[in-house]
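What follows is each chain in one-letter form.
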Amino acid sequence: MKYRILSFNDYYIPSTKAGGPVRSMKNAVDALHDEFDFYIECYDYDFGCKGQRYSNIKDGWQEVGFAKVIYQPYGTLDFKYKNMEKFIREVKPDVIWFQGLLMPHKVHNAIRVAEKMGIPTIISPRGEASPDRMALKGYKKYPYAVLCNLLGIYHKENVFFHATSDDEVVGLKKFFKVRQDRIYQIVNIPVAVAENPIFPSKQKGSIRIMFVSRIHEVKNILLAVQIVKKLKCKAVFDIYGPIESKDYWNLCLKEMESLPENIQINYCGLLPMDQVGKTFQNYDAFLFPTINENYGHVIAEALANGCPTILSKGTTPWDDLDGVAGYIADLKNENEFKMKLEKLALLDEEEYTALRKSTIEYFKRKQDEEGAIAGHAQMFIDVIKKMKEKRSV
């Protein structure tokens, strides 16, 4: 008999706007469905689209990949203790798993219900606890952390945390006063390596670059545009992703108004999750000068599909790809980014084929070293065991 995991996500497939947490959950389901039964509760609309119900979804539980998913209107469980208790009792989970830390609309009541029922609750902050992310809109987040500490909601004996980086551990301890023995540090389960990828030919002296993520300040797309504009080689730069910050995107558009003849920049709209991998295979480089990523699923997807990646130094867990699967560059040095891209542009077909192979091999080694799948499975079993031992005392 498999253990049952109930995950609260807010957003899940077919979401194209909610970013990494959706990918985190899907990767976990794909990797662990033989050992655990996954039940996922989410809204019936995409991020930023309240009231615009997904088409082609049904009421009640339905099969989505290897998981059972229920899509519910806004307010069904939010801040409603009785509704939450009824829902959890119907699912009968062995573990409750939250994809996000700043979810007072669901997490507080779920923890209280789970405590009463003796169910362990795991919270994966998905980057929200890191000091850099806490500082963004800190006027909201810091008071929330203080309130949580006063209420003791995250200090209950049935509550555990899953951190994916050192930064998250630091943030959980600093802002939410979480004890070390309540934290499991395990990297995210990555996407699977592409099978038989098909790459277009590479022309020496030119480069096809892509960016895919939320259009938001933290992703630093404005800097990416400024870098590409300065390239001396022939370059095409295609941008994919939901426009989350319109004011910020307007700054990007203004930067694109005057481009040199050798540079072409295009906004290509949203990219469905099931098309991201193959799209990476069509480009020579993924440019991602992000300000902060606790993991960076989009980075993993680029590497798994043989797309060399140019990253900001010290802002992701992927600094060791430098010179092997792409390059890292200092955010304070635009010229360093420019030089790395131009270095890639000068590679010919044979040299680029070797780099793509090196990129995939690097990602495979990373997977083997980190043991993410086994780590997640052990975490779930461990918290179940701890709660059973507590109940038996």
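First, a word on scope: everything that follows refers to the structure included in this document. (Residues numbered from 1 in each chain as written. Predicted model: local features only at pLDDT ≥ 70, side-chain atom pairs only at ≥ 80, totals over all residues. Heavy atoms only, no water.)

### Concerning the packing of aromatic side chains
Threshold: Pairs were defined over the aromatic rings of Phe, Tyr and Trp, the Trp ring being its six-membered one, requiring ring centres within 6.5 Å. Orientation was assigned from the angle between planes: stacked under 30 degrees, edge-to-face over 60, tilted for the rest. Secondary structure is summarised from DSSP: a helix means a run of H or I of at least four residues, a strand means a run of E of at least two, and numbering begins at the N terminus for each. When a residue's accessible area, from a 1.4 Å probe over protein chains only, is under 20% of the maximum for its type it is buried; when over 50% it is exposed; and in between it is partly exposed. Counting as a charge over the ring demands two things of the Lys NZ or Arg CZ atom: a distance within 6 Å of the ring centre and an angle within 35 degrees of the ring normal.
Under the criterion given, the structure shown has 24 aromatic pairs. With a centroid separation of 5.3 Å and an interplanar angle of 70°, the aromatic rings of phenylalanine 36 and phenylalanine 380 are classed as edge-to-face. With a gap of 344 residues between them, phenylalanine 36 in strand 2 (residues 36-43) and phenylalanine 380 in helix 13 (residues 372-392) connect regions that are remote in the sequence. Judged by centre distance (5.6 Å) and plane angle (25°), the ring pair of tyrosine 142 and phenylalanine 175 falls under stacked. Linking tyrosine 142 in helix 5 (residues 138-151) with phenylalanine 175 in helix 6 (residues 166-176), this pair joins segments that are 33 residues apart in sequence. Classification of tyrosine 142 as partly exposed rests on a relative accessible area of 35%. Of the aromatic side chains, those joined through ring pairs into one cluster are Phe8, Tyr39, Trp61, Phe87 and Phe98. For lysine 50, the ring lying beneath its charged end belongs to tyrosine 74, and the centroid distance is 4.1 Å.

### Some details on the side chain of histidine 108
Counted only if it meets this: Any pair of N or O atoms that falls within 3.5 Å is considered a polar contact. Within protein, one atom must be able to donate a hydrogen and the other to accept it, and sequence-neighbouring residues count only if both atoms are side-chain atoms. It only takes one pair of heavy atoms within 4.5 Å for two residues to be counted as in contact.
Tracing the backbone shows histidine 108 in helix 3 (residues 107-117). A distance of 3.0 Å separates polar atoms of two side chains, one belonging to histidine 108 and the other to tyrosine 144. Setting aside chain neighbours within four positions, we find histidine 108 in contact with Met103, Tyr144, Cys148, Leu151, Ile153 and Tyr154.

### Some words on the packing of helix 7 (residues 221-229) against helix 11 (residues 334-345)
The cut-off we apply is this: Here an axis means a line fitted to C-alpha atoms, over the contact stretch when the element is a helix, while the angle between two N-to-C directions is reported on a 0 to 180 degree scale. For this classification, under 35 degrees means roughly parallel, over 145 means roughly antiparallel, 65 to 115 means roughly perpendicular, and everything else is oblique. In a left-handed crossing the near helix is turned counterclockwise from the far helix by less than a right angle, and in a right-handed crossing that turn is clockwise. Throughout this entry, Asp, Glu, Lys and Arg are counted as charged residues, while Ala, Val, Leu, Ile, Met, Phe, Trp, Tyr, Cys and Pro are counted as nonpolar. The remaining residues, Gly among them, count as polar.
Where helix 7 contacts helix 11, the axes come no closer than 9 Å and their chain directions differ by 60°. By the criterion of interaxial angle, the relationship of helix 7 to helix 11 is oblique. Our pair here, helix 7 against helix 11, has a crossing hand that is right-handed. On helix 11, the residues touching Leu223, Gln226 and Ile227 of helix 7 are Glu334, Phe337, Lys338 and Leu341. Here the residues of the contact of helix 7 with helix 11 sort into four nonpolar, one polar and two charged.

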